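# Coordinate analysis (summary)
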Amino acid sequence: SVFMASLVGGSADQKAGRYVLQPLLKDCLAHPSGIAVSNDGDTLYVAETMRNRVLRGVRMAGAFHFSVFYQFSGMLGPSCLALGKDGTLFVGRIDSPKVVLGQIAALSPTGSLIRSIPCPSASIKGIS
């Protein structure tokens, strides 16, 4: 599940009000393991390892609307995410320990594969 803390009864500049935890994706993900947020906070990416895909949520009219941003094939699935300043999404992917090389995929802001970067480990657990 993915939750968001939202300010109720105030603003980020004012201390009045309180934060509440709101579900964005509840009880519907197969091993969410990585998350990245755009600088403006209006786009959220979630790595869903066991479905081998990355979801993208875009905030419209105060609510996030999610869709499949990129569906991978092969390997186990995405494990971690990092978002570049230019909007490129870097996705660390994991596979079984029997595999020698892992992979970081670079995805364009429109969801196209730019390139795959081989890594000397099949288990990529974090990128920044």
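This text goes with the structure placed above it.
Small disclaimer: the values here were computed from a predicted structure and weren't measured.

Before going further, it helps to examine the side chain of Glu48. Here Glu48 lies in strand E4 (residues 43-48). Accessibility expressed as a relative area gives 0% for Glu48, which makes it buried. Here the side chain of Glu48 touches Arg51 through a polar contact of 3.1 Å, side chain to side chain. Not counting chain neighbours up to four residues away, the residues in contact with Glu48 comprise Cys28, Leu29, Ala30, His31, Pro32, Arg53, Leu55 and Pro78.

Here strand E9 (residues 102-107) runs beside strand E10 (residues 113-119); their pairing, made up of six bridges, is antiparallel. Paired with Gln103 across the two strands is Pro118, which belongs to E10. Here E9 folds back onto E10, and the loop between the two strands holds five residues, one of which, Gly111, carries a positive phi near 90 degrees.

One open sheet holds the four strands; their spatial order is E7-E8-E9-E10, and the pairing between them is antiparallel. Single-partner strands in this sheet number two, and they are strand E7 (77-83) and E10. Each strand axis lies, on average, 25 degrees off the axis of its neighbour in the sheet, ignoring direction.

The subject of this paragraph is the pairing of strand E8 (residues 89-94). Of all six residues in E8, five are buried; the element is thus mostly enclosed. In this antiparallel pair of consecutive strands, E7 and E8, the connection spans five residues, and Gly87 shows a positive phi of 95 degrees. Alignment of E8 against E9, held across five bridges, turns out to be antiparallel. Looking at the pairing, Gly92 lines up with Ile104 of E9.

What follows is about the packing of aromatic side chains. Scanning the model with the defined rule gives three aromatic pairs in all. For the pair Tyr45 and Phe69, a centre-to-centre distance of 5.3 Å together with 70 degrees between the ring planes defines the contact as edge-to-face. Remark: Phe69 occurs in strand E6 (residues 63-71) and Tyr45 occurs in strand E4; sequence separation between them is 24 residues. Classification of Phe69 by relative accessible area gives buried; the value is 10%.

The subject of this paragraph is unusual backbone geometry. Positive phi outside glycine occurs at His31, with the angle close to 60 degrees. Mapped onto the elements, His31 comes out in the loop between strand E2 (18-25) and strand E3 (32-37). For His31, a relative accessible area of 54% translates into the label exposed. Notably, Asn52 is not glycine yet its phi reads approximately 55 degrees, a positive angle. Summarising the element assignment, Asn52 is placed in the loop between E4 and strand E5 (53-60).

Before going further, it helps to spend a moment on the nonpolar core. In this structure, Ala36, Tyr45, Ala47, Val54, Phe69, Tyr70, Phe72, Leu81, Leu89, Val91, Ala105 and Leu107 together form the largest nonpolar core, which totals twelve residues. Elements that contribute at least two residues to this core include exactly E4, E6, E8 and E9. Beyond its immediate sequence surroundings of up to four residues, Ala36 is in contact with Thr43, Leu44, Tyr45, Leu81, Leu83 and Leu89.

Inspection of every chain in the model, using the stated rule, returns three salt bridges. Put simply, Asp42 and Arg59 hold a salt bridge, and the shortest N to O gap is 2.9 Å. You can see Asp42 sitting in the loop between E3 and E4 and its partner Arg59 sitting in strand E5, a full 17 residues away along the chain. Residue classification places Asp42 among the partly exposed positions, given a relative accessible area of 29%. Notably, a salt bridge pairs Arg51 with Glu48, separated by 3.1 Å at the nearest N-O pair. For Arg51, a relative accessible area of 41% puts it in the partly exposed group. Shared partners join several salt bridges into a network, and the residues in it are Glu48, Arg51 and Arg53.

Cut-offs and rules
- Residues numbered from 1 in each chain as written.
- Predicted model: local features only at pLDDT ≥ 70, side-chain atom pairs only at ≥ 80, totals over all residues.
- Heavy atoms only, no water.
- Helix = DSSP H or I, 4+ residues; strand = E, 2+ residues; numbered from the N terminus.
- Buried < 20%, exposed > 50% of the residue type's maximum accessible area, 1.4 Å probe, protein only.
- Polar contact = N/O pair within 3.5 Å; in protein donor to acceptor, adjacent residues only side chain to side chain.
- Contact = heavy atoms within 4.5 Å.
- Pairing = 2+ DSSP bridges.
- Axes fitted to C-alpha atoms, helices over the stretch in contact; angles between N-to-C directions.
- Phe/Tyr/Trp six-rings, centres within 6.5 Å; stacked < 30°, edge-to-face > 60°.
- Core = buried A, V, L, I, M, F, W, Y, C linked by side-chain atoms within 4.5 Å.
- Salt bridge = Lys/Arg side-chain N within 4 Å of Asp/Glu carboxyl O.

Any functional reading would require information beyond the geometric quantities listed.
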